[in-house]
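In case you want the letters, here they are:
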Amino acid sequence: YQAGKAGNMEAWCRFGKFILKTLNKSPTSPYPANDAISALEHAFDKGVKKAGHVLADLYLGGQAGLAKDELKAIEILTRCDDVKSNKRLISIYMKNNESEKVLALTKKLADQGEPDAMFQLGMCYANGDLGVEKDALQARKWLEKYIEIPPKEIRDAKNAKWPKEIYEKHQEDIRRYGYAMTMTE
């Protein structure tokens, strides 16, 4: 709390998360939920994206005294504009059948080198999903970029991008797709 008062915005975020954790363990916490929300909002307004992630989750779940508000969560995640928030937005848009938004964010993440997005975009072009025309060249481009990523980077527990099993399944899907592509070329 004192570090937050001294201007450390990460500390405000940690303080807000601490309050939420104490509320989950004991309803008689000395800190009310609105203190947590205030600390997180303050940190987020000063650029701490982690605070935005927590706030978005609270709005999506209607937790800590906040009304369930998907539009507010979307607004917060859009302001975060990082890999984690964009992946979360993709999930929301998928649930809401908003294919154009899913495709736009998937392309954005693929262009930024995000392995999952490269694979998903390649498969969209391969199968004609999310409203795109089937395009063997675009599919091959994105799937080859995905394959070029060293497996260690994908399996790196610290990055936690992709577990080994998913990478191996993707490799199998890509090989199957490559075989099908050579049959039609």
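Residues numbered from 1 in each chain as written. Predicted model: local features only at pLDDT ≥ 70, side-chain atom pairs only at ≥ 80, totals over all residues. Heavy atoms only, no water.

Details of the pattern of salt bridges
Selection rule: Salt-bridge detection follows one rule: a side-chain nitrogen of Lys or Arg within 4 Å of a carboxyl oxygen of Asp or Glu. Strands are runs of DSSP state E lasting at least two residues, helices are runs of H or I lasting at least four, and both sets are numbered from the N terminus onward. Any residue under 20% of the maximum accessible area for its type is buried, any over 50% is exposed, and the rest in between are partly exposed; the area is computed with a 1.4 Å probe on protein chains only.
Applying the stated criterion across every chain, the model contains 8 salt bridges. A salt bridge links arginine 79 to aspartate 45; the nearest nitrogen and oxygen atoms lie 3.4 Å apart. Here aspartate 45 lies in helix α3 (residues 33-45) and arginine 79 lies in helix α5 (residues 70-80), a separation of 34 residues in the sequence. In this structure, arginine 140 and glutamate 144 form a salt bridge, with 3.9 Å as the shortest nitrogen-oxygen distance. A residue pair is termed a helical-turn pair when its members lie 3 or 4 positions apart in one helix, as arginine 140 and glutamate 144 do in helix α9 (residues 136-148) at 4 residues. What makes arginine 140 partly exposed here is its relative accessible area of 28%.

Looking at the packing of aromatic side chains
To keep it simple, the criterion reads: Only Phe, Tyr and Trp rings are paired, with Trp represented by its six-membered ring, and only when their centres lie within 6.5 Å; those with planes under 30 degrees apart are stacked, over 60 edge-to-face, the remainder tilted. Only lysine NZ and arginine CZ atoms are considered, and such an atom sits over a ring when it is within 6 Å of the ring centre and within 35 degrees of the ring normal.
Counted according to the given criterion, the structure contains 1 aromatic pair. Taken together, a centroid distance of 5.4 Å and an interplanar angle of 55° make the contact between phenylalanine 119 and tyrosine 146 tilted. Of this pair, phenylalanine 119 sits in helix α8 (residues 115-127) while tyrosine 146 sits in helix α9, and the two are 27 residues apart along the sequence. Side by side, phenylalanine 119 and tyrosine 146 carry an identical accessibility label, which is buried. Its end group placed over the ring of tryptophan 142, lysine 145 keeps NZ or CZ at 4.7 Å from the ring centre.

Focus: helix α4 (residues 49-61)
Heads up, the condition is: By definition here, a helix of n residues has an expected span of 1.5 Å times n minus one.
The terminal C-alpha atoms of α4, which comprises 13 residues, lie 18 Å apart, in line with the 18 Å expected from a rise of 1.5 Å per residue. When we look at burial in α4, the residues that qualify are Ala51, Gly52, His53, Val54, Leu55, Ala56, Leu58, Tyr59 and Leu60.

A look at the nonpolar core
What counts is decided by this rule: The nonpolar core is taken to be a set of buried Ala, Val, Leu, Ile, Met, Phe, Trp, Tyr and Cys residues, with the residues joined through side-chain atoms within 4.5 Å. Contact between two residues is taken to exist if any of their heavy atoms lie within 4.5 Å; hydrogens are not considered.
Leu40, Ala51, Leu58 and Ile76 are the most contacted members of the largest nonpolar core, which totals 49 residues. Elements supplying a minimum of two residues to this core: α2 (9-25), α3, α4, α5, α6 (83-95), α7 (99-111), α8 and α9. Per-element accounting of this core gives the leading share, 8 residues, to α8. Ignoring anything within four residues of it in the chain, the contact list for alanine 51 reads Cys13, Leu40, Ala43 and Phe44.

Some thoughts on the environment of glutamate 41
For glutamate 41, the position within the fold is in helix α3. In sequence terms glutamate 41 and cysteine 13 are 28 residues apart; their C-alpha atoms lie 8.5 Å from each other. In this structure, glutamate 41 is in contact with Leu55 and Tyr59, ignoring residues within four places of it in sequence.

A short note on the confidence of the model for the protein chain
Condition: A residue's pLDDT is simply how confident the predictor is in it, with values from 0 to 100.
For the protein chain, the average pLDDT comes to 80, and 77% of its residues sit at 70 or higher. When pLDDT is averaged over each element of the protein chain, α5 comes out on top at 96 and helix α1 (residues 2-5) at the bottom at 48. Confidence drops under pLDDT 50 across residues 179-185; counting only partners more than four residues distant or on other chains, this segment forms 3 contacts.

Concerning the side chain of serine 85
Relative to the elements of secondary structure, serine 85 occurs in helix α6. By relative accessible area, which is 0% here, serine 85 ends up buried. Residue contacts for serine 85: discarding those within four places in its chain leaves His53, Leu77 and Cys80.

So, the environment of cysteine 13
Relative to the elements of secondary structure, cysteine 13 occurs in helix α2. Beyond its immediate stretch of four places on either side in the chain, cysteine 13 contacts Leu40, Ala43, Val48, Lys50 and Ala51.

Quick word on the environment of isoleucine 37
Looking at where isoleucine 37 falls in the secondary structure, it is placed in helix α3. Separated by 28 residues in the primary sequence, isoleucine 37 and glycine 65 have C-alpha atoms spaced 9.1 Å apart. Beyond its immediate sequence surroundings of up to four residues, isoleucine 37 is in contact with Leu55, Leu58, Ala64 and Leu66.

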